[in-house]
Amino acid sequence: MLFNSTEFFIFFPVVVTLYFLAPRNKRWIILLLASYYFYMSWKPAYTIILVASTIVDYLTGRAMGRYSDEEKDKRKPYLYISLIANLATLGLFKYYNFFNDSARGIAEGLGMNYAMPAFELLLPMGISFYTFQTMSYSIDVYQGRIKAEKHLGIFALFITFFPQLVAGPIERAENLLGQLRSSFDFDYYRVVAGLRRMAWGFFKKIVIADNLALLVNQVYNNPTDYEGITLILATVFFAFQIYCDFSGYSDIAIGAAQVMGYNLMENFRRPYFSKSISEFWSRWHISLSSWFRDYLYIPLGGNRVVKWRWYYNLFLTFLVSGLWHGANWTFVVWGALHGFYLVFALVTAKQRDALARTIGLTSHPVLYKWVQVLSVFVLVCFSWIFFRANNISDAFYIIKYSFVGLGNIGQVFAGINLDHVLFMDQGPKIFIVSVVAILIMETVHLIQRNGSVSQLIMQRPAVVRWGVYYVALIAVLLFGQFGNQEFIYFQF
């Protein structure tokens, strides 16, 4: 079930109503049944994987919980069972055909026979998200950071909690499990705040991301039909599309949980205002980047090792992060690029600071900051080319032809069909709505630097508050795309 579907607009109020009407000690049952129904509405058969994962991690967690911290070695076999079961499932459904096809290509290139068959497997929705969530639970129990959950129903709800089941945020047990043992009374202000957060998420998804998708898909699905400014515009538009698509999902998830009293972790904090790539990753998909930091980068040694090993740890972490996003070499290159950016930034930090002082940038802090923000945005957009391109060949075409004719601005617009270049052949409304909506969103982001816009609205008189709500609702209804467009991160 998609958040932006008619089914969800019926499902959510019904679940919330039943939740608050149910006895406090039975509300977890309502949420668990709702969560399974939410997942089964996509493909019921794959619920078996979800149930199997839940049972394996519950039992291994209970087994590890029998031993004290001093008997940690005795927990290890159960941790391995949990990790192998989860990684094997993820590997089979997500990566088997990718590595199998790659191996076949290499073998055929070497003139060798290759007999391993390919399987027709549909990727279970959300498997990358709930697999990582449950693995972090097992590792935390093994490390002694949390106690094993004894209540199978509450543990199953931790894995399946419908607002964040299929696309995160990837929650930690120490944050969510405790909340799921509680139940919350109806609180008008909290419910309104949650609904407001959901509305903001729908605006980002339906008005911005889904309008931009029409423009981006037109170019990225047929890149050889375009060159120059159109390719650059499509890449910049994709940067905002994927941000609004995914952060919009997170806003809806966080808001939906908040309506019922639960707090999910923030997943985005205005990432395109970052002044460095490392800052970007502290603001983008925070639940995943912190997962890789805590469960891969730090166990590898983090930055508490010799320099070359530190750089290796960084690069490897982002390489794996790229592979997590998708079984395609485009994602691997995207991850490798970010790993390279981070290592390059560390190696050249002194030289870049010296250059900024030499040309006088440090004497103008505001200008210096915006130069940094623009530089990071350009680097991130460059990496998005690989993320969005259908294959490596398309990505290199887009890079090669993005700068055609840009040397002479007169040539850029001379003798070309401007409507085609600026996507007006899709209809001017889509282009104009997309650009205006992006400007509105970034204005809100600028205001958020000085405090919560939500709190700012709450402090206004009722007529102003409800005026804002009505305008936002009308904007979504008038300018949104209502074709039940899937969220980009569902494919991961």
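Before any of the text, the structure's been laid out above.
The notes below deal with the structure included here. None of these values were measured; they are calculated from a predicted model.

A few words on the overall build of the protein. Secondary structure summary: the protein contains 21 helices and 0 strands in total. Relative to the 2.2 N^0.38 estimate, which gives 23 Å for 492 residues, the radius of gyration of the protein is 24 Å and therefore close to what a compact globule would have. Per-residue burial for the protein yields a buried fraction of 50% across its 492 residues. Across the protein, every contact between residues at least 6 apart in sequence was considered, and the portion connecting residues at least 24 apart equals 74%. Total accessible area computed for the protein in this model is approximately 23,300 Å², and 65% of it derives from carbon and sulfur atoms. Across the protein, the 40 positively charged side chains and the 29 negatively charged ones have centroids separated by 9 Å.

What follows concerns helix α8 (residues 188-220). Here α8 contains 33 residues, and its C-alpha end-to-end distance of 45 Å stays within 8% of the 48 Å for a straight helix at 1.5 Å per residue. At alanine 209, α8 shows its maximal bend, which comes to roughly 30 degrees. Counted residue by residue, α8 has 25 buried out of 33 residues, so it is predominantly covered. Capping of α8 at its N-terminal end is provided by aspartate 187; its side-chain oxygen lies 3.0 Å from the backbone amide nitrogen of tyrosine 189.

Turning our attention to the packing of helix α9 (residues 229-259) against helix α15 (residues 365-388). Contact geometry of α9 with α15 gives a least axis separation of 9 Å together with a crossing angle of 85 degrees. Put simply, α9 runs roughly perpendicular to α15. On α15, the residues touching Thr235, Val236, Phe238, Ala239, Phe240 and Ile242 of α9 are Phe377, Cys381, Trp384, Ile385, Phe387 and Arg388.

This part is about the pattern of salt bridges. Going through the model one piece at a time under the given rule, you end up with 15 salt bridges. Salt bridges sharing common partners tie together Arg197, Lys204, Asp251 and Glu266.

At a closest axis distance of 10 Å, the pairing of helix α3 (residues 47-65) and helix α6 (residues 152-160) adopts a crossing angle of 125 degrees. With respect to each other, α3 and α6 are oriented oblique. When the axes of α3 and α6 are compared, the crossing they make is right-handed. Of the residues in α6, those touching α3 at Leu50, Thr54, Asp57 and Tyr58 are Leu152, Phe155, Ala156, Ile159 and Thr160. Looking at side-chain class alone, the contact of α3 with α6 contains 6 nonpolar, 2 polar and 1 charged residues.

Moving on to the nonpolar core. Among the nonpolar cores identified, the biggest contains 129 residues, and Phe8, Phe161, Phe162, Tyr272 and Trp384 are the most heavily contacted of them. The greatest single-element share of this core, amounting to 18 residues, is contributed by α9. Residue contacts for phenylalanine 161: discarding those within four places in its chain leaves Leu31, Ser35, Leu176, Leu180, Ala257, Met260, Tyr262 and Leu264. Grouped together as the second largest cluster of nonpolar side chains are 5 residues, Val444, Val453, Ile457 and Tyr469 included.

You can see lysine 94 is positioned in helix α4 (residues 72-109). Of the polar contacts made by the side chain of lysine 94, one reaches the backbone oxygen of tryptophan 324; its length is 2.3 Å.

What follows deals with the environment of valine 56. Note on placement: valine 56 falls in helix α3. Sequence separation between valine 56 and leucine 123 is 67 residues; the distance between their C-alpha atoms is 20 Å.

Structurally, tryptophan 284 can be placed in the loop between α10 (277-283) and α11 (286-297). Judged by relative accessible area, which is 0%, tryptophan 284 ranks as buried. For the pair tryptophan 284 and phenylalanine 246, spaced 38 residues apart in sequence, the C-alpha to C-alpha distance is 9.9 Å.

For the rest of this paragraph, the subject is the side chain of threonine 317. As for its position among the elements, threonine 317 is in helix α12 (residues 307-325). A relative accessible area of 6% means that threonine 317 is categorised as buried.

This brings us to a nonpolar patch on the surface. Residues Phe186, Tyr188, Tyr189, Trp466, Tyr470, Leu473, Ile474, Leu477, Leu478, Phe479 and Phe482 make up a contiguous nonpolar surface patch of roughly 1,300 Å² in combined accessible area. Contributing elements (two or more residues each) for the nonpolar patch: α8 and α21 (462-479). Counting residues per element, the nonpolar patch draws most heavily on α21, which supplies 7 residues. With respect to the helices, strands and loops of the structure, phenylalanine 479 is situated in helix α21.

Compared with the 24 Å implied by 1.5 Å per residue over 17 residues, the 24 Å span of helix α5 (residues 127-143) between its first and last C-alpha is a close match. With 16 of its 17 residues buried, α5 lies for the most part within the structure. Following α5 by one or two positions, glycine 144 adopts a phi angle in the positive range, close to 85 degrees.

With that out of the way, let us pick up the packing of aromatic side chains. Using the criterion set out here, one finds 66 aromatic pairs in the structure. When the ring of phenylalanine 184 is compared with that of tyrosine 262, the centres are 5.0 Å apart and the planes differ by 90 degrees; the resulting orientation is edge-to-face. Here tyrosine 262 lies in the loop between α9 and α10 and phenylalanine 184 lies in the loop between α7 (173-180) and α8, a separation of 78 residues in the sequence. According to the relative accessible area criterion, tyrosine 262 is buried, its value standing at 2%.

Each value, and the rule that gives it
Residues numbered from 1 in each chain as written. Predicted model: local features only at pLDDT ≥ 70, side-chain atom pairs only at ≥ 80, totals over all residues. Heavy atoms only, no water. Helix = DSSP H or I, 4+ residues; strand = E, 2+ residues; numbered from the N terminus. Rg over C-alpha atoms; globule rule 2.2 N^0.38 Å. Buried < 20%, exposed > 50% of the residue type's maximum accessible area, 1.4 Å probe, protein only. Contact = heavy atoms within 4.5 Å. Areas by Shrake-Rupley, 256 points an atom, 1.4 Å probe, with all protein chains shown as cover. Lys, Arg positive; Asp, Glu negative; His and termini not counted. Charge placed at Lys NZ, Arg CZ, Asp CG, Glu CD. Expected span 1.5 Å × (residues − 1). Bend = angle between axes of the 7 residues up to and from the residue. Polar contact = N/O pair within 3.5 Å; in protein donor to acceptor, adjacent residues only side chain to side chain. Axes fitted to C-alpha atoms, helices over the stretch in contact; angles between N-to-C directions. Parallel < 35°, antiparallel > 145°, perpendicular 65-115°, else oblique. Salt bridge = Lys/Arg side-chain N within 4 Å of Asp/Glu carboxyl O. Left-handed = near helix turned anticlockwise from the far one by under 90°. Nonpolar A, V, L, I, M, F, W, Y, C, P; charged D, E, K, R; others polar. Core = buried A, V, L, I, M, F, W, Y, C linked by side-chain atoms within 4.5 Å. Patch = residues over 30% accessible without salt bridge, like charges linked within 9 Å, V, L, I, M, F, W, Y side chains within 5 Å. Phe/Tyr/Trp six-rings, centres within 6.5 Å; stacked < 30°, edge-to-face > 60°.

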